[in-house]
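Structural description and commentary
Each chain is listed here by its residues.
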Amino acid sequence: RLVLARQLLSETGVIFCSIDDRNQAYVKGLFDEVFEEKNFEASIGWRRRSNQPNDAAKMIATVLEYLIVYAKNGIALKNYQTFGKISLSQKRLDSYANPDDDIMGEWTSTPWCASKGQGGTKYTIITPTGISYDEVWLGKKETFEKLLLDNRIIFPNNGNGKPRKKIYKKERIIGGQSAINLWVGKEYGDNLSATNQLKKIFGDERIFDNPKPVELICNIVKVASSNKESLILDFFAGSGTTAQAVLELNKEDGGKRTFILATNNEKTDTNHCGIAHDVTVKRLKRIMTGMCYDGTKNFKWLEKNKPYGDNLDVYDIAEVANFEGTQGKTPFDVIDERLYGQEAFKTIREKIEWVCDNFEHTQRTIETQEQWLKRKQEKPPKIRQ
């Protein structure tokens, strides 16, 4: 699944993996192998418990989880001179403004060149107009190249001046000039806030363990992409927090981000039709339409929020016809392209694109009230002892 995820990432894509303290080291090693160690960006500590733990059975109570972050192609940029074409004078660089219509909003700037007495790294930077500066800079060359790729470097004085780094006004939300690797506070949410968010949508019934807070995912999307039309993929979607976070950000800044959620459909005593149907899709049904499957509109989330609207398609690709089924294999493994006059594909991405283009999806949109009632009658809930 990780190999497929890397193949599906865009060239500027980033992947975040949430993992607990016990398994962090093992997952880091696995990601180093799949995404390559050079593409490791950071390991972010997120405080998932805001209250003081009272666990006498442990010498050290665990309050942190980790977000391991990798980029598709690290921070390498072969030809950075094609970027940074903003033509600005030095005037008003010390106040927040948005003279270049940056999609990240208002910004100010600070020198990239190190002051006398400051530490740094010496290398040559060439401006868009061809002027060379051989100076001591505040960050490594690969860091500079990443900033340039992200449109965070400007060259004042009509492209002739020494480079400066953009500081966005909205970055105050995530702790400073750039995201730091310790996320603590209400702006990042915690387990309690995540549970309360689900209660407002589903009521007091506990239907999903350990959901993620919307605030956490919002910050991940903000850090990972400045593009308001990004495609966000969550292939361990669980309760569907990622979708709600994307919808919330679009509402906040007018973005057109889209999301793809993938999750198993594990059945439990409280989710007799499976997590995907009884939690993930049901949550999105309510926050997007403002209505439960049974037509009621009495959940607390509506008291302070308006439905997000938009469209949602639901696909079930977890099963293939019985005569084609092979234990332990996915539909992509079972379907043999050679039987359809195709040569064997060299990559899984090619095969996925071919399957998606040539086979009929078992697709449905958000269920209507009648569809939901019919499914409930066909699969009555289990009676708990």
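Here the residue numbering is sequential within each chain, running from 1 through the sequence in written order. Predicted model: local features are reported for residues with pLDDT of at least 70 only, side-chain atom pairs are reported and counted for 80 or more only, and whole-chain, interface and lining totals are derived from all residues. As a rule here, side-chain values come from all non-hydrogen atoms in the structure, and water together with hydrogens is ignored.

1. Here's the deal with the packing of helix α5 (residues 191-202) against helix α8 (residues 275-289)
- Between α5 and α8, the least distance of the axes is 10 Å, while the angle of their chain directions is 70°. One element, α5, and the other, α8, form an angle in the roughly perpendicular class. Note on packing geometry: the crossing formed by α5 with α8 is left-handed. Along its contact with α5, which presents Leu198, Ile201 and Phe202, the element α8 presents Asp278, Val279, Lys282, Arg283, Arg286 and Ile287.
- Gly falls in the polar group here, along with every residue not listed as nonpolar (Ala, Val, Leu, Ile, Met, Phe, Trp, Tyr, Cys, Pro) or charged (Asp, Glu, Lys, Arg). Of the residues that constitute the contact of α5 with α8, the class distribution is five nonpolar, no polar and four charged. To define axes, lines are fitted to C-alpha atoms, for helices over the stretch in contact only, and angles between the resulting N-to-C directions are given on a 0 to 180 degree scale. Strands here mean DSSP runs of E at least two residues long; helices mean DSSP runs of H or I at least four residues long; both are numbered from the N terminus. The labels follow the angle: roughly parallel below 35 degrees, roughly antiparallel above 145, roughly perpendicular from 65 to 115, and oblique for the rest. A crossing counts as left-handed when the near helix is turned anticlockwise from the far one by less than a right angle, and as right-handed when that turn is clockwise. Any two residues having at least one pair of non-hydrogen atoms within 4.5 Å are treated as being in contact.

2. Details of the packing of aromatic side chains
- Stacked, edge-to-face and tilted are the three classes for Phe, Tyr and Trp ring pairs, Trp counted by its six-membered ring, which pair at centre distances within 6.5 Å; planes under 30 degrees apart are stacked, over 60 edge-to-face, the rest tilted. The tally for this structure, following the rule as stated, stands at nine aromatic pairs.
- Each ring, one from Phe35 and one from Tyr70, has its centre 5.9 Å from the other, and the planes form 35°; the classification is tilted. A residue pair is termed long-range when its members are at least 10 positions apart, and Phe35 in helix α2 (residues 24-35) and Tyr70 in strand β3 (residues 64-71) qualify at 35 residues.
- Aromatic pair Tyr123 and Trp137: ring centres 6.2 Å apart, planes at 40°, arrangement tilted. Of the two residues, Tyr123 sits in strand β6 (residues 121-126) while Trp137 sits in strand β7 (residues 132-137), which places them 14 residues apart along the sequence. Trp137 matches Tyr123 in its accessibility class, with the two residues each being buried.
- Connected via pairs of aromatic rings, a cluster forms that spans Phe31, Phe35, Phe40 and Tyr70. Throughout, exposure labels follow a simple rule: accessible area from a 1.4 Å probe, protein chains only, divided by the maximum for the residue type, with under 20% read as buried, over 50% as exposed, and the rest as partly exposed.

3. Examining the confidence of the model for the chain
- pLDDT: the predictor's confidence for each residue, scored from 0 to 100. Averaged over all residues, the pLDDT of the chain is 78; the fraction at 70 or higher stands at 77%.
- Per-residue pLDDT stays below 50 along residues 172-177; that stretch engages in 17 contacts with residues further than four places along the chain or on separate chains.
- Every residue in residues 381-385 is under pLDDT 50, and counting partners more than four places away or in other chains gives four contacts.

4. Some points on the nonpolar core
- Grouped together as the largest cluster of nonpolar side chains are 38 residues, with contacts concentrated most on Leu67, Trp183, Ile220, Phe259, Leu284 and Ile287.
- Of all the elements in the fold, those that place two or more residues in this core are β2 (40-47), β3, α5, α6 (214-224), α7 (241-253) and α8.
- Only buried Ala, Val, Leu, Ile, Met, Phe, Trp, Tyr and Cys residues count toward a nonpolar core, and they belong to the same one when joined by side-chain atoms within 4.5 Å. In this structure, Leu2, Leu9, Phe31 and Ile68 belong to the second largest nonpolar core, which totals 13 residues.

5. A few points about a nonpolar patch on the surface
- Patches were defined on residues exceeding 30% relative accessible area and lacking a salt bridge, with like-charge contacts within 9 Å and nonpolar side-chain contacts (Val, Leu, Ile, Met, Phe, Trp, Tyr) within 5 Å. Only the protein chains shown count as cover for residues, and all accessible areas are computed by the Shrake-Rupley method using a 1.4 Å probe. A carboxyl oxygen of Asp or Glu within 4 Å of a side-chain nitrogen of Lys or Arg is what we treat as a salt bridge. A cluster of nonpolar side chains, contributed by Leu8, Leu231, Leu233 and Ile260, occupies part of the molecular surface with about 350 Å² of accessible area.
- Along the chain, Leu231 turns up in strand β11 (residues 231-234).

6. Concerning the layout of surface pockets
- Grid points spaced at 1 Å and placed over the protein atoms alone form the basis of the search, with a cavity being a set where a 1.4 Å probe fits but cannot get out and a pocket an open set showing protein on both sides within 12 Å along at least five of seven lines. Lining residues have an atom within 4 Å of a point. Grid points are joined across faces, edges and corners, and a volume is the space filled by probe spheres set on the points. Quantified by volume, the second largest pocket comes out at close to 520 Å³.
- For the lining of the second largest pocket, the secondary structure elements donating two or more residues are α5, α6, α7 and α9 (301-304).
- Broken down by class, the residue content of the lining of the second largest pocket amounts to five nonpolar, six polar and nine charged.

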